[in-house]
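# Fold and geometry: a report
The primary structure of each chain is shown beneath.
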Amino acid sequence: MEKNNSQIAIVVSEFYPELSELLVDDCVNQLLRSGIKKNSISIYKVSGVFEIPGVVSLVSKHHSLDAIITLGVVIKGETPHFDFISASCSDSISQLTIENEFPITFGVLTTNTYKQALKRAQEKGMDIANTTILSINTYKHIKSK
């Protein structure tokens, strides 16, 4: 595999550390398999998904990046907290994606149960990595025209 010099930051929520670890490991392994260099991947940990957009904003202002990947898990509970946190995070990431000239990939899982979250965490990291690489290539193609 040809090495890729793309600089990628991963901002990950640690609220469900065992699920976050699955997502990060799967994502990083796929990035490496795709030719991204290990020293081109930076990981920033936050306590919960609500904190992800703030760190994404800060990282985007202080580092020259080709992409940011957001990872985390929100599981529905008995209160409307899930709805507020999920909407706030996704809306903020969406806005940051529009404001920046590089892709910000949304890899925050929103599930109804822990069992669903575990299943998705075991399979989504690779998908998020592939989406990010495709997006980097698309952005580079557009900028080269």
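None of the values given here were measured: they were computed from a predicted structure.

### Remarks on the overall build of the protein
The helix and strand tally for the protein stands at four helices and four strands. Mapped in sequence order, the helices and strands of the protein form the string β-α-β-α-β-α-β-α. Whereas a compact globule of 145 residues would reach a radius of gyration of roughly 15 Å, the protein reaches 15 Å, a difference of no more than 12%. Seen through its principal axes, the protein has C-alpha atoms that stretch 50 × 30 × 20 Å. Of the roughly 8000 Å² of accessible surface on the protein, a fraction of 54% belongs to carbon and sulfur atoms. Computed over 14 positive and 15 negative side-chain charges, the separation of the two mean positions in the protein equals 7 Å.

### A short note on the packing of helix α1 (residues 17–33) against helix α4 (residues 114–144)
Contact geometry of α1 with α4 gives a least axis separation of 8 Å together with a crossing angle of 25 degrees. Between α1 and α4, the angle is such that the two are roughly parallel. The handedness of the crossing between α1 and α4 comes out as right-handed. For the pair α1 and α4, contact is made by E18, L19, L22, L23, D26, C27, Q30, L31 and R33 and by Y114, A117, L118, A121, Q122, E123, K124, G125, M126, A129, N130 and I133, respectively.

### What to know about the layout of surface pockets
Taken as a whole, the largest pocket encloses approximately 210 Å³ of empty space. In terms of lining, the largest pocket is formed by 14 residues, of which the most central are F15, V49, V74, H81 and I85. The set of elements that each furnish at least two residues to the lining of the largest pocket consists of β3 (67–75) and α3 (81–99). Residue composition of the lining of the largest pocket, grouped by class: nine nonpolar, four polar and one charged.

Criteria and cut-off values
- Residues numbered from 1 in each chain as written.
- Predicted model: local features only at pLDDT ≥ 70, side-chain atom pairs only at ≥ 80, totals over all residues.
- Heavy atoms only, no water.
- Helix = DSSP H or I, 4+ residues; strand = E, 2+ residues; numbered from the N terminus.
- Rg over C-alpha atoms; globule rule 2.2 N^0.38 Å.
- Areas by Shrake-Rupley, 256 points an atom, 1.4 Å probe, with all protein chains shown as cover.
- Lys, Arg positive; Asp, Glu negative; His and termini not counted.
- Charge placed at Lys NZ, Arg CZ, Asp CG, Glu CD.
- Axes fitted to C-alpha atoms, helices over the stretch in contact; angles between N-to-C directions.
- Parallel < 35°, antiparallel > 145°, perpendicular 65-115°, else oblique.
- Left-handed = near helix turned anticlockwise from the far one by under 90°.
- Contact = heavy atoms within 4.5 Å.
- 1 Å grid on protein atoms, 1.4 Å probe; cavity = no way out; pocket = protein on both sides within 12 Å on 5 of 7 lines; lining within 4 Å.
- Points joined across faces, edges and corners; volume = space filled by probe spheres on them.
- Nonpolar A, V, L, I, M, F, W, Y, C, P; charged D, E, K, R; others polar.

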